[in-house]
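This is what each chain is made of:
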Amino acid sequence: MGFNCGIVGLPNVGKSTLFNALTQTAQAEAANFPFCTIEPNTGRVSVPDKRLDAIAAITKPEKIVPTSLEFVDIAGLVRGASKGEGLGNQFLANIREVDAICHVLRCFEDENVTHVEGKIDPIADAETVETELMLADMDSLEKRETPLTKRVRGGDKDAVKELALCERALALLRDGKPARMLEVADDEKKAFRMLQLLTAKPVLYICNVEEESAADGNSQSARVFEKAASEGAEAVVISAKIEEEIAQLGSAEEKKEFLETLGLEETGLARVINAGYKLLDLITFFTQGPKEVRAWTVRKGAKAPEAAGAIHTDFQRGFIRAETIAYDDFISLGGEQACKDAGKMRQEGKEYVTKDGDLMLFKFNV
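Predicted model only: the values in this text are computed from it and were never measured.

J.: Is there a simple way to think about unusual backbone geometry in this case?
T.: It is generally the case that most residues other than glycine have a negative phi and that most peptide bonds are trans. Residues other than glycine seldom take positive phi values, yet lysine 60 does so here, at roughly 50°. For lysine 60, the position within the fold is in the loop between α2 (50-59) and β3 (63-65). When its relative accessible area of 63% is taken as the criterion, lysine 60 is described as exposed. Although it is not a glycine, aspartate 281 adopts a positive phi angle of roughly 55°. The residue aspartate 281 is located in the loop between α10 (268-280) and β8 (282-288) in this model.

J.: Before we go on, may I ask you to explain the confidence of the model for the chain in this structure?
T.: Do not read the predicted coordinates in detail wherever pLDDT is low. With 88% of its residues at a pLDDT of at least 70, the chain reaches an overall mean of 85. By mean pLDDT, the top-scoring element of the chain is helix α13 (residues 327-333) (97), and the lowest-scoring one is helix α3 (residues 88-96) (72). Here residues 26-39 is modelled with pLDDT under 50, and outside its nearest four sequence neighbours on either side it reaches 40 contacts, counting other chains as well. Low confidence marks residues 84-88, where pLDDT is under 50. Its contacts with residues over four positions away, or in another chain, come to 11 contacts.

J.: What am I meant to see in a negative patch on the surface here?
T.: Side chains of Glu253, Glu254, Glu257 and Glu260 sit close together on the surface and give a patch of like negative charge. For glutamate 253, the location among the structural elements is in helix α9 (residues 252-261). With a relative accessible area of 47%, glutamate 253 lands in the partly exposed category.

J.: How should the side chain of threonine 354 be read in this particular structure?
T.: Positionally, threonine 354 belongs in the loop between β11 (346-348) and β12 (359-364). With residues up to four places along the chain from it excluded, the contact list for threonine 354 reads Ile283, Phe285, Ala302, Lys303, Ala304, Ala307 and Met360.

Quick notes on the rules
- Residues numbered from 1 in each chain as written.
- Predicted model: local features only at pLDDT ≥ 70, side-chain atom pairs only at ≥ 80, totals over all residues.
- Heavy atoms only, no water.
- Helix = DSSP H or I, 4+ residues; strand = E, 2+ residues; numbered from the N terminus.
- Buried < 20%, exposed > 50% of the residue type's maximum accessible area, 1.4 Å probe, protein only.
- pLDDT = per-residue confidence, 0-100.
- Contact = heavy atoms within 4.5 Å.
- Patch = residues over 30% accessible without salt bridge, like charges linked within 9 Å, V, L, I, M, F, W, Y side chains within 5 Å.
- Areas by Shrake-Rupley, 256 points an atom, 1.4 Å probe, with all protein chains shown as cover.
- Salt bridge = Lys/Arg side-chain N within 4 Å of Asp/Glu carboxyl O.
- Lys, Arg positive; Asp, Glu negative; His and termini not counted.
- Charge placed at Lys NZ, Arg CZ, Asp CG, Glu CD.

Shown next as structure tokens:
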């Protein structure tokens with residue numbers, strides 16, 4: 001699996017320009033007027049991972065297959081979206097379908113690009129979007145309360161817990177805080193997920209800055225980083241304009257040289273991916289052989305059968321064991337056979353928790 005991120009924000013903050021750059025396509029028409037994006041555009045992006053190249057250098061496979069993630073470019077939101085203003089209903093429905101929210105915030109001045117609110121203030125922009133999401137969540141929870149109350153009166157014990165959870169979430173939202181800040185016990189997590197609250201989704205703030213500030217950000221992006229830290233979110237600085245230029249370059253060497261001239265070590269895409277992985281607790285494991293070396297993504301804490309299922313459901317269903325080599329051992333010893341000879345290949349069972357960088361070969365029987 002990869003993961004799925006919805007790119008959201010007010011109109012004209014650079015969402016579609018960023019999407020085009022990240023996916024290296026021209027799928028999303030970028031224009032200087034609101035609601036240029038109506039139907040959400042979707043693009044899959046390969047996840048760069050230097051470990052994949054290092055494994056391939058030893059294995060020398062016929063092909064190298066990175067893992068991928070999906071970006072969804074969602075229509076710009078305006079005030080009143082929770083009540084259906086603009087493209088509000090469609091916007092909210094699209095957000096429900098994604099795993100995480102990449103919230104693009106305009107942190108640059110440009111008199112040639114209009115701003116729907118008439119001023120540059122990324123914090124106010126973030127609050128506009130978040131307020132609409134919180135209003136939608138409150139409406140959703142309030143509609144749940146009446147049927148839950150009836151079930152409680154009928155002696156439904158599960159309904160008692162669910163109603164209490166709803167009431168706690170509502171109190172938090174009415175206090176102006178997103179649902180992701182709610183303290184949820186382990187035995188409540190499943191019920192909390194079932195509420196499908198928009199503000200419970202993890203958020204990555206993407207600060208779209210002018211080219212000169214692409215390396216270290218500016219005073220506006222610094223404010224966003226403070227906001228992110230206060231609410232358990234992540235933030236990255238990116239220049240959509242630079243990413244657009246990089247996407248048009250042909251070779252990896254050209255891209256590297258261009259980044260160096262700007263004092264950048266990595267692309268904005270790499271920053272977004274790294275922050276996204278951290279946000280969603282994702283890890284990568286690898287499979288390798290003469291035909292291909294491939295990267296796979298699972299959530300942190302996934303046991304070996306679940307990792308096997310990322311490749312094929314039959315692997316999970318008929319899981320027997322996973323022949324496992326740590327990435328550092330594979331690289332330092334120089335390959336699979338050397339790891340076997342040194343006793344570094346382990347036979348792991350169903351309770352083994354997959355580690356980031358593991359090289360795995362699954363044995364199964366269906």
